[in-house]
Amino acid sequence: MKQIKLGTIGSGAIVQSILDGVQVTDGISLEAVYSRTEEKGRELAEKYGAGKAYTDLEAFLCDGEVDYIYVASPNNLHYEQVKAALLHGKNVICEKPMCPRKEQVDELIALADERGLVLVDATPTAFLPNLDIIKEKLPEVGRIRLVMSSYSQYSSRYDKLLAGEVTNVFSPDFAGGCLQDIGYYNVYLNVALFGKPEKAVYFPNICSTGVDTSGIAVFRYADFVSECAGAKDTWGENCVQIEGEKGYLYVEGGPNGLNSVRLCTKEGESSYDLQENPDRWFYEVQNMTKLLINEDYETIRRGLEITRDVIGIMEAMRKEAGIVFPGEA
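Okay, so let's go over this structure. Residue numbering note: each chain is counted from 1, following its sequence as written. Reporting of local features is limited, given that this is a predicted model, to residues whose pLDDT is at least 70; pairs of side-chain atoms are given and counted only at 80 or more, and all residues count toward the totals for whole chains, interfaces and linings. The side-chain values count all of the structure's non-hydrogen atoms but skip hydrogen atoms and water molecules.

Strand order in the open sheet formed by six strands is β3-β2-β1-β4-β5-β6, and the pairing between neighbours is parallel. In the strand order of this sheet, the two ends are held by β3 (52-54) and β6 (119-121), each with one partner. Between one strand axis and the next, the sheet turns through 25° on average, direction left out of account. The contact definition used throughout considers only heavy atoms, calling two residues in contact when any of these lie within 4.5 Å. Note on geometry: axes are C-alpha line fits, over the in-contact stretch for helices, and angles between N-to-C directions span 0 to 180 degrees. Helical segments are the DSSP runs of H or I of at least four residues, strand segments are the runs of E of at least two, and each set is numbered from the N terminus. This element, helix α1 (residues 13-23), spans β1 (4-9), β2 (28-34) and β4 (68-71) of the sheet and lies at about 165° to β1. By definition, two strands form a pair when at least two bridges between them are found by DSSP.

Okay, the packing of α1 against helix α10 (residues 280-293) next. For the pair α1 and α10, interaxial distance at closest approach is 8 Å and the crossing angle is 60°. Taken together, the axes of α1 and α10 lie oblique to each other. The handedness of the crossing between α1 and α10 comes out as right-handed. The segment α1 lies against α10, with Ile14, Ser17, Ile18, Gly21 and Val22 engaging Trp281, Glu284 and Val285. Here the nonpolar group is Ala, Val, Leu, Ile, Met, Phe, Trp, Tyr, Cys and Pro; Asp, Glu, Lys and Arg are the charged ones; every other residue, Gly included, is treated as polar. Considering only residue class, the contact of α1 with α10 consists of five nonpolar, two polar and one charged. Roughly parallel covers angles under 35 degrees, roughly antiparallel covers those over 145, roughly perpendicular covers 65 to 115, and oblique covers all other angles. Should the near helix be turned anticlockwise from the far one by less than a right angle, the crossing is left-handed, and should it be turned clockwise, the crossing is right-handed.

A side chain with one charge may pair with a side chain of the opposite charge, provided their charged atoms come close. Within this document, salt bridges are pairs made up of a side-chain nitrogen of Lys or Arg and a carboxyl oxygen of Asp or Glu, the two lying within 4 Å of each other. Per the counting criterion, the structure on display carries 23 salt bridges. Among the salt bridges present, the one from Arg143 reaches Asp223, with a minimum N-O distance of 2.6 Å. Taken together, the residues Arg143 in the loop between α6 (129-137) and β7 (144-152) and Asp223 in the loop between β9 (212-220) and β10 (225-231) connect sequence positions 80 residues apart. Exposure categories follow from relative accessible area, calculated using a 1.4 Å probe and restricted to protein chains: below 20% of the type maximum is buried, above 50% is exposed, and the middle band is partly exposed. The class for Arg143 is partly exposed, based on a relative accessible area of 39%. A single network of salt bridges, built from pairs that share partners, joins Lys102, Asp106, Asp113, Arg301, Glu305 and Arg308.

In this section: α10. Each helix should span, by expectation, one fewer than its residue count multiplied by 1.5 Å. Compared with the 20 Å implied by 1.5 Å per residue over 14 residues, the 20 Å span of α10 between its first and last C-alpha is a close match. Where α10 is concerned, the buried positions are Arg280, Trp281, Phe282, Tyr283, Glu284, Val285, Met288, Thr289, Leu291, Leu292 and Ile293. Under this definition, polar contacts are N or O atom pairs within 3.5 Å; protein pairs additionally need one hydrogen-donor-capable and one acceptor-capable atom, and for neighbouring residues in sequence, both atoms have to be side-chain atoms. Sitting at the amino-terminal end of α10 is Asp279, which places a side-chain oxygen 3.1 Å from the backbone nitrogen of Trp281. A positive backbone phi angle near 55° is found at Glu295, which sits one or two residues after α10.

Attention shifts here to the sheet that holds strand β11 (residues 239-244). Strand order in the open sheet formed by eight strands is β8-β9-β10-β7-β11-β12-β13-β14, and the pairing between neighbours is mixed. The sheet terminates laterally at β8 (199-206) and β14 (268-272), the two strands that pair on one side only. The sheet shows a mean angle of 10° between the axes of neighbouring strands, direction not considered. Examined bridge by bridge, β11 and strand β12 (residues 247-252) share five bridges and lie antiparallel to one another. By the bridge assignment, Glu243 is partnered in β12 with Tyr248. Strand contacts of α6: β11, β12, β13 (260-265) and β14, with the helix running at about 15° to β13, the strand carrying the most contacts. With respect to the sheet, helix α11 (residues 297-320) is in contact with β8 and β9, its orientation differing from that of β8 by roughly 55°.

Bringing a negative patch on the surface into the picture now. Residues with no salt bridge and a relative accessible area higher than 30% make up the patches, which join like charges within 9 Å and nonpolar side chains (Val, Leu, Ile, Met, Phe, Trp, Tyr) within 5 Å. Per-residue and other accessible areas were derived by the Shrake-Rupley procedure at a 1.4 Å probe size, with only the shown protein chains allowed to occlude residues. Residues scored as positive are Lys and Arg, those scored as negative are Asp and Glu, and His as well as the terminal groups of each chain are ignored. Lysine's charge is taken at NZ, arginine's at CZ, aspartate's at CG and glutamate's at CD. Taken together, the side chains of Glu237, Glu252, Asp273 and Glu276 define an acidic patch exposed on the protein surface. Following the sequence through the fold, Glu276 ends up in the loop between β14 and α10.

Attention now moves to the packing of α1 against helix α2 (residues 38-48). With their axes 11 Å apart at the nearest point, α1 and α2 run at an angle of 25° to one another. When the axes of α1 and α2 are compared, the pair comes out roughly parallel. Between α1 and α2 lies a crossing whose hand is right-handed. Of the residues in α2, those in contact with Val15, Gln16, Leu19, Asp20 and Gln23 of α1 are Leu44, Lys47 and Tyr48. Partitioning the contact of α1 with α2 into residue classes produces four nonpolar, two polar and two charged.

Stacked, tilted and edge-to-face are the three classes applied to pairs of Phe, Tyr and Trp rings, where Trp contributes its six-membered ring and a pair requires centres within 6.5 Å; stacked means planes under 30 degrees apart, edge-to-face means over 60, and tilted covers the rest. Enumeration according to the criterion identifies twelve aromatic pairs in this entry. Look at Tyr221 and Phe224: their rings are 4.7 Å apart centre to centre, the planes differ by 15°, and that puts the pair in the stacked class. Exposure remark for Tyr221: the relative accessible area of 5% places this residue in the buried category. Where Phe282 meets Tyr283, the ring centres are 5.2 Å apart and the plane angle is 80°; that geometry is what we call edge-to-face. Taken together, the ring pairs in this structure connect Tyr151, Tyr184, Tyr185 and Tyr188 into an aromatic cluster.

Interpretation note: all reported values are geometric properties and have no functional meaning in isolation.
Structure follows, in structure tokens:
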């Protein structure tokens, strides 16, 4: 079997969740880690059985035994690090959001194509089995009229913000804010299911740093309206409800988990759940690895087209709402 030899950039909780999945997935193994802090790098390498830990990014990218780089650094670093990896001849898996701006995504896709390399968007939602259930059952609700999505997750970093400490997630310097984190899942699910909306508007709650701590996005499609709420300063019941003239789909867990799917029509109710494992990153690693081993680059490319649209929508919405990152007009 073909073996993906992985190198990781970053040492946070998401990286460790991914590596938990790597440990139980055939066809992929951790070869090396990169961290700006030697102690964190060595600790991560030892925990997950990597033979090498780097603090020099150039040396890491020149490691001939690594063929895929997984990028899970702060948002503002994704573009430069993905580009550097591609220029060093590495295939890349990038955590969401791939970049703050659509032109950056376009450049990275073009660079990967030019060099014959694979670029993968690592949005977990794309790899969840219950997404296929939603797509399969969607026609049964009839003509769609309303879509409502809610994903709120109170952040401990919000407490720090209230105390005067600005962390990456609420800093414009790091391309932070709720829309870039929580809200991304709402936008992604809408685009994955329905394509690009005709119009998208974002109504944020903006904090003292100039980024959003929560907000509501409204999408106008040709025949229906979609409302998406996301928050890092509140918590609530996370769910998605897709309402049509013949019934509705109710998705527990919100747009990032898709924990279960319930179809309700005049004929009755049915429940579906293909995700026995509660760890969504497990499915991301399993299904992403399968695509790469089977060289299903067409599916990977379709995923990038969704990513391109998502980033374009998010960029336009946040700029119109007055959320601008350093270096942007």
